[in-house]
Structures are given as C-alpha cells and as structure tokens.
Amino acid sequence: MMTDAPKATVDPFAVTTRKVGEPHPARAALRAAGPIVRAQAPAGGPVWIITDDALAREALVHPHIVKDPAYAPASWDPRIAGLEPTAAAQPSLTTLDGPAHTRLRRAHAPLFTARRMRDYSARITTFARELLTELTDDGDGTGGTVDLMADFTTRFPLTVVCDVLGVPLDRVDQAIAACRRMYSADPEEVGTAMAAFAELAAAALSDGRDGLAVELRAQVPDEITDSQLHYLLFTLIYAGQLTTDPSLGFLLARVLDADRPAEESATDEFVRETLRLHAPAPFTLWRFASADLDLAEVRLPARSPILIDIQGINTDPGRSIGPDLTFGAGPHYCTGAHLAQLELRAVVEVLRTDFPGARLAVPYTELRQTDLGGIQGSRLTALPVRLRP
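Model, not experiment: these values are computed from the prediction. (Residues numbered from 1 in each chain as written. Predicted model: local features only at pLDDT ≥ 70, side-chain atom pairs only at ≥ 80, totals over all residues. Heavy atoms only, no water.)

A. Geometry of the packing of aromatic side chains. Summed over the entire model, instances satisfying the criterion amount to nine aromatic pairs. A centroid spacing of 5.6 Å and a plane angle of 45° characterise the contact between Phe13 and Phe283, whose relative ring orientation is tilted. Highlighted residues: Phe13 in the segment before strand 1 (16-19) and Phe283 in the loop between helix 14 (268-277) and strand 6 (287-289), separated in sequence by 270 residues. The pair Phe13 / Phe283 is uniform in exposure class, with both members buried. Here a set of aromatic residues connected by ring pairs shows up, and it is made of Phe197, Tyr231, Phe234 and Tyr238. (Phe/Tyr/Trp six-rings, centres within 6.5 Å; stacked < 30°, edge-to-face > 60°. Helix = DSSP H or I, 4+ residues; strand = E, 2+ residues; numbered from the N terminus. Buried < 20%, exposed > 50% of the residue type's maximum accessible area, 1.4 Å probe, protein only.)

B. Main features of the nonpolar core. Counting 83 residues, the largest nonpolar core has Phe152, Phe156, Leu165, Phe197, Leu351 and Leu383 as the members making the most contacts within it. For this core, the element with the most residues is helix 16 (residues 337-354), which contributes ten residues. Setting aside anything within four residues of it in sequence, one finds Phe156 in contact with Ile124, Phe127, Ala128, Leu131, Leu248, Glu343 and Val347. Residues Ile65, Leu293, Ile306 and Ala329 belong to the second largest nonpolar core, which totals 21 residues. (Core = buried A, V, L, I, M, F, W, Y, C linked by side-chain atoms within 4.5 Å. Contact = heavy atoms within 4.5 Å.)

C. Highlighting the packing of helix 6 (residues 121-135) against helix 16. Viewed as axis vectors pointing N to C, helix 6 and helix 16 meet at an angle of 50°, and their least axial separation amounts to 9 Å. With respect to helix 16, the element helix 6 is oriented oblique. Considering how the two elements wind past one another, helix 6 and helix 16 form a crossing that is right-handed. Every residue of helix 16 that contacts helix 6 at Ser121, Ile124, Thr125, Ala128, Arg129 and Leu132 is listed here: Leu339, Leu342, Glu343, Ala346, Val347, Glu349, Val350, Leu351, Thr353 and Asp354. (Axes fitted to C-alpha atoms, helices over the stretch in contact; angles between N-to-C directions. Parallel < 35°, antiparallel > 145°, perpendicular 65-115°, else oblique. Left-handed = near helix turned anticlockwise from the far one by under 90°.)

D. Region of interest: the packing of helix 11 (residues 226-242) against helix 12 (residues 244-255). The interhelical angle for the contact between helix 11 and helix 12, taken along N-to-C directions, is 25°, at an axis separation of 4 Å. It follows that helix 11 is roughly parallel to helix 12 by the angle criterion. The segment helix 11 lies against helix 12, with Ala239, Gly240, Gln241 and Leu242 engaging Thr244, Asp245 and Pro246. Grouping the amino acids of the contact of helix 11 with helix 12 by side-chain chemistry returns three nonpolar, three polar and one charged. (Nonpolar A, V, L, I, M, F, W, Y, C, P; charged D, E, K, R; others polar.)

Right, dumping it as structure tokens:
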C-alpha cells in the first residue's frame, strides 16, 4: 500500500552557524520522521530525502534514479538549484549514468587508484610542510598564531590537485580565485570563474606538460571534445577544493585539540572517523526519478528530485558497523577518495613530525561552523592555531 512521505519539520537546507560539536538541527528530525522524508527544495517544490542506510544503498544503484539534470523538475531554475549542464550538453562523471558513465569512469578510475596516488605521497607531504612552514614566518608579531581556514585549507588541496593534474603551480592563485567566485550568486562572477577553469585546463594540457590531465585526454572516449575535456578537468579541480577544504578544517581542529592524546589522531582510522562525523558533502548531489517509482512504500512521480542524507546516515546511533557513505556507494563512488584521504593524512603527519607543539589558540568548544545552505556542507568559520615546532 502506497503512502505519502512524512514532511520534514526542520529546514535541512538553511544557512546556520553552530558550535563545532553541535549536531545539525535537521539530522535527528529527518531520521525520526522516517526512511524517506519530504521537504521543500531550495529551487521550489518537493524533494524526497532518504534517511535510512539500507534504502540509501538501494537508491544509489537504482536504474531509475539518475543524475542527469535533464530529469530535474521542469520548473527549476538551474542556477538556483545549482545544477550542472545536462549530460547531453556536457558529459561528466556527475551527470552521466549507465553505459555512458561506465565508459567515462573507465577513463578516470585507473588514474586515481590508491597505488597511483601513493606515487604522489612524498610531493603532497612536501607541499603540506612548505605551506605550513611559510605560515610561521609571517612576521606579524602574533607569536605564530594563524587562521588556517583563511588560506591554508584552500591553498593546500588546490596545490595538490593542480600538481597531480599538471596545472603549473604558478596558477594556484588563479585556481583559488576561481573556486571562490563559484560561491557567488552573480552569474557574471561564475562565468568568470568558468573561463579561468578553462584556462587552467588548457595549461595542464599544453605541450610538454606531465600530469594526469594529459593521461586523461588519451583515455576519454573519442567523441569527447576539447571543451568537454576542459569541463571534466574543471570538475576535478573544483571538487578537489570544495570537499577537501572543509574536511581539512575539521580534521585539523580535532588533531590540534589540546585535550586529545596525540597518538589517537596519528592513525588512518582517525582520518576516516573525522570524515564520517563531518562528511564533506552532507547530501549526495541531486538525483532524479527517470520514471514513476516506489521507494519504501512511497510513490515518487517521474522527475522527482531525490537526495540521500549522508551526514544523517553516517552519524545515526543505530547504524550497524560497516562502510559509511562519506564517498558514496555504487557506480558513482567518489573517484578522488584515495587522493583526498592521502592529503589529509599528509597534513596530520607533518603536524606531528614538524610541529609537535602546534595547538589550537582557543578551546575546541569555542570553534564555530557555518552551514553554507542548499546541499552544500559546513565549514569552520575560523581555525586559529599556534604553529610551534
């Protein structure tokens, strides 16, 4: 018997500021409402949010739950909804499904395996060491107190992804500016950012460059145009900052908490646990019903927008022990998962070996995080740290 999904009593997409350890006000309310909950989408109309772990994994492999924005509600403004171009207009890992997605993923996946990423381990560690060391030499008289959220958590992952792809490192400032413009509500600012990303992609693909961008060009299907390849590289650069930047902030806050034993944070498990508690993306990217379908005895009409509450499922006290959903599951599992975790572990290693005296400049409990709104995640508002050898 089909039923209507219960309605959310809290806006899960609101912009809020809260303490670093304070749960998002919507997570428990969504979970308590049921395995699939109806809320008001930021672009208007209903959205169905999946809050149950088993149902989420079913949805992530469902043949009629797709990522192509061509199936978004007809009334949605793509800019307000934050939609990418349709798969027909711009093929990408985040908009294609089925065999077309499989073909494109086969071009990406061999480049981002754990083994390939380990080849960059020493360089990534060097970048972390150099960038943190530069912050201790600012000469501002603060005794080594710096806000790592002001620049480091953005600059470090962009330096890494530019280096891995083959973007010249003198273009990192351009990459930072482009990423920050993507947050703007002004379409002209976003257009300027996209033009900058195209320049970065072209630089990575220029004659004589050595990086994964060149390898990707040789691997993608023949029908992918230069412009489409530039877009694929944009998604790698932008996603590399968008998710790793906030994750790094939460990880550093936990590592540098004076009340936490140093040995506890010096493990891969600690990095993964931080990602579980502070998922880089609280929801999946938008998915849509490509036909009428039934989920958990709820009928969803075609073109219904669907989200999975990654943050809520990851932190559900009743969730059985097993893989979390931080990097997704199924065919769209995050391609950059190995690189992201390698970056985070490298920073922890450098702090422990080169800056054993580094500590938060304020108590951990005084840190604040801002939920950016929509399906975006949260980010620390500031991270004042005393960097000491």
